[in-house]
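# Residue-level structure breakdown
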Amino acid sequence: MFDQDKNRDEFERLFDETSKSIFNLGLRLFRNREDAMDFAQDVYLQAYTKLDSFQGGSKFSTWLYSVAMNMGLNRIRKEKKMTVETIDEEFASTEAAAADELDLSDTSEIIQEELLKLEDHYRIPLILYYFEKMSYGEISEKLDIKAGTLKSNIHRGKTILRAKLIARGIHK
Amino acid sequence: MKHYIEEIRQDTAGLTQEARRHLRECAACSREYQIMRAVETGIESMTESSVPAELKIRIFARISSPVYRLWHLLAAALMLASSPVLLKYLLTKNPSLYLNEYTLISLFVYFGILIVLVLLPLTFQLFGQYETKIHEIEKAFDHYLEHPVRNLAKIWR
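What you are looking at is a predicted structure, and each value in this text was computed from that prediction instead of being measured.

Each helix and strand in chain B was counted, giving 8 helices and 0 strands. Per-residue burial over chain B gives 24% buried out of 157 residues. For chain B, contacts bridging at least 24 residues in sequence account for 53% of all contacts bridging at least 6. A total of about 11,300 Å² of accessible surface is found on chain B, and carbon and sulfur atoms cover 66% of it.

Take a look at the structure:
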């Protein structure tokens, strides 16, 4: 699909099409803009050197996202960020939220802000499961953690977000 | 009446038919379901930020830099190293060879071009590799220049 001399203009067009999704993947995985930029840079430089191996069987954006995801998760796995920690007592409450006190409209922004503040071992599985729509098996394999640990982390992460949502004033 | 709070908190998508029927009858479980769906929906619909312009500049600066392979450098180094040997051989084989000033100038220019050809790619490669670090040093330097008094006070302390 690509000429041997790696057409720069074509690569620039592909960059313009895909950079938003790749950069935001970096932001979701690494939380800060500088790390996300370093990550995206590595992805594109890697892609540029491997353009010859792109067979053209799928869309370039799909292929590139897959490459980026693998690179990101490999990095996270190597940095061993998926260790389980005990849940804070603050969030251990299992009481149901009181009715008629909560306004649940427009809570996405709160969730997304709080999600980025979560520790990696909660945040990344949540993002992979709910945003990237990966299965437990895929996530478990990519992050090299047991399925039970993964489910536990997802559950605890959601519990923390639930508590943050209630604490941040979704009251009427 | 059995409640399904824990099941709802585990995963709303995995609720049984019985649990879903229960939601229609139980205000507490229904509310919990709404809260957990708000959490899940918030993650599913994460918004995206715009891409910094600097990213494209960085990437294309690296891509556009001359790509020298190792064998290019080795070949240039070999030519450079072998040139005096060749020259000596020529002079030995041809004692009558007369090196006039033009020949000498040409030889100097030839060696000079070879040296530049070896040094230039090395410079580009090194500069590209350390471009980000150089940029960080520049930023740090600018920051210290902007706030000299504050930084001097820090150092003094």
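Within the element layout of this structure, A:Ala40 appears in helix 2 (residues 33–49). With 18 residues separating them in the primary sequence, A:Ala40 and A:Ile22 have C-alpha atoms 6.1 Å apart.

Okay, unusual backbone geometry next. Residues and elements named next belong to chain A. The backbone of Arg-31 sits at a positive phi, close to 75°, despite the residue not being glycine. For Arg-31, the position within the fold is in the loop between helix 1 (8–30) and helix 2. What makes Arg-31 partly exposed here is its relative accessible area of 32%. A positive phi is found at Asp-144, a non-glycine position, where the angle reads about 60°. Within the secondary structure layout, Asp-144 lies in the loop between helix 6 (136–143) and helix 7 (147–167). Take Asp-144: its relative accessible area is 59%, and that puts it in the exposed class.

This brings us to the interface of chain B and chain A. For interface size, the figure often reported is the accessible area lost on association. Across the boundary between the two partners, chain B contributes 33 residues, which contact 49 residues of chain A. Contact between chain B and chain A buries roughly 4,000 Å² in total, counting both sides, with carbon and sulfur atoms accounting for 63%. One can count 8 salt bridges joining chain B with chain A. Between B:Lys56 and A:Glu12 there is a salt bridge; the shortest N-O distance is 3.1 Å. At the boundary of chain B and chain A, one finds 15 residue pairs in polar contact (both at pLDDT 80 or more).

Okay, the pattern of salt bridges next. Applying the stated rule across the entire model yields 23 salt bridges over all chains. Note that A:Arg168 is salt-bridged to A:Glu113, the shortest N-O span being 2.9 Å. Placement of A:Arg168 in the segment after helix 7 and of A:Glu113 in helix 4 (residues 108–117) is noted, with a sequence separation of 55 residues between them. Taking the shortest distance from any N to any O, the salt bridge between A:Arg162 and B:Glu32 comes out at 2.6 Å. Of this pair, A:Arg162 sits in helix 7 while B:Glu32 sits in helix 3 (residues 27–44), which puts the two residues in different chains.

Another aspect to go through is the side chain of A:Arg123. Residues and elements named next belong to chain A. Mapped onto the fold, Arg-123 is located in helix 5 (residues 120–131). Among the residues examined, Arg-123 registers a relative accessible area of 0% and is labelled buried. Polar side-chain contacts of Arg-123 include one of 2.7 Å to the side chain of Asp-120. The residues touching Arg-123, leaving out its near neighbours within four places in the chain, are Arg-28, Leu-29, Phe-30, Arg-31, Leu-115, Leu-116 and Leu-118.

About the criteria used
- Residues numbered from 1 in each chain as written.
- Chains lettered and ligands numbered in written order.
- Predicted model: local features only at pLDDT ≥ 70, side-chain atom pairs only at ≥ 80, totals over all residues.
- Heavy atoms only, no water.
- Helix = DSSP H or I, 4+ residues; strand = E, 2+ residues; numbered from the N terminus.
- Buried < 20%, exposed > 50% of the residue type's maximum accessible area, 1.4 Å probe, protein only.
- Contact = heavy atoms within 4.5 Å.
- Areas by Shrake-Rupley, 256 points an atom, 1.4 Å probe, with all protein chains shown as cover.
- Buried area = accessible area lost by both parts, 1.4 Å probe.
- Salt bridge = Lys/Arg side-chain N within 4 Å of Asp/Glu carboxyl O.
- Polar contact = N/O pair within 3.5 Å; in protein donor to acceptor, adjacent residues only side chain to side chain.

Nothing here speaks to function; it is all geometry.
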